[in-house]
Amino acid sequence: MDLKDLKPSPGSTHRKRRVGRGIGSGHGKTAGRGHKGLGARSHGNTPPSYEGGQMPLQRRLPKQGFRRTLKNQARRDEFAIVNLSRLGDFGEDVTIDAAALVARGLVPAGRKVKVLGDGELKSRIRVRADAFSKSALDKIAAVGGFAELVVKPTSEKS
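This text gives an overview of the structure that appears in the document. (Residues numbered from 1 in each chain as written. Predicted model: local features only at pLDDT ≥ 70, side-chain atom pairs only at ≥ 80, totals over all residues. Heavy atoms only, no water.)

### Things to note about the packing of aromatic side chains
The criterion, for reference: Only rings of Phe, Tyr and Trp enter the pairing, Trp through its six-membered ring, and a pair is recorded when the two centres are within 6.5 Å. The plane angle decides the type: under 30 degrees is stacked, over 60 is edge-to-face, the rest tilted. Consider the ring centre and the ring normal. A charge sits over the ring if Lys NZ or Arg CZ is within 6 Å of that centre and within 35 degrees of that normal.
Within the structure shown, the criterion is met by zero aromatic pairs. Lying across the ring of Phe-90, Arg-104 places its NZ or CZ 4.0 Å from the centre.

Written out as structure tokens, the structure is:
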């Protein structure tokens, strides 16, 4: 069998319907597009969500969830995450703050730091950060270390 011998099964293909070729064809004049309206136009395609002028589903349903608007984005705290397993490399009785973490390349500069409790601590350390998870606080206290929250002064608007 050669490629030239391949043919589609009988009855599986049809001739293309030739529309707009006179009234004798049965598909003349408007060529199956009806009279006027968007469907009759050459640019007349509608998006999948179009419901013929009825209020679309996405507008009928209520809004839900957190929307990241500029106002909400300004209020949201973006933390750089550091696990306790990374803090064990600093040594005994050292104070670890954001500047020390930036110097080691563990967090980007200018971001708030949150310490999470993944990993184990073997040495006593003092950690200054913007936020701590409960497990991190428990593990730091268990080895005799200190966890200190950095509180930045808030500007009062009047």
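### A short note on the sheet that holds strand β6 (residues 146-149)
Selection criterion: By this definition, two strands are paired if DSSP reports at least two bridges between them. Going along the chain from the N terminus, every DSSP run of H or I of four or more residues is numbered as a helix, and every run of E of two or more is numbered as a strand. As a rule, the C-alpha atoms of each element are fitted with a line to give its axis, helices using only the stretch in contact, and angles between N-to-C directions run from 0 to 180 degrees.
With parallel pairing, three strands are arranged side by side in an open sheet as β2-β4-β6. The open sheet terminates on both sides in strands that have one partner only, identified here as β2 (94-96) and β6. Looking at each pair of strands side by side, their axes are set apart by 15° on average, direction ignored. Note: β2 against strand β4 (residues 125-129), three bridges, orientation parallel.

### Focus on a nonpolar patch on the surface
To keep things clear, this is the line we draw: Patch rule: a residue counts if its relative accessible area is over 30% and it has no salt bridge; like charges are joined within 9 Å, and nonpolar side chains (Val, Leu, Ile, Met, Phe, Trp, Tyr) within 5 Å. Note on areas: Shrake-Rupley, 1.4 Å probe, and residue coverage restricted to the protein chains presented here. Any carboxyl oxygen of Asp or Glu that lies within 4 Å of a side-chain nitrogen of Lys or Arg is treated as forming a salt bridge with it.
Judged by side-chain polarity, Met-1, Leu-3 and Leu-6 come together as a nonpolar surface patch covering roughly 440 Å² of accessible area. Tracing the backbone shows Leu-6 in the segment before α1 (57-60).

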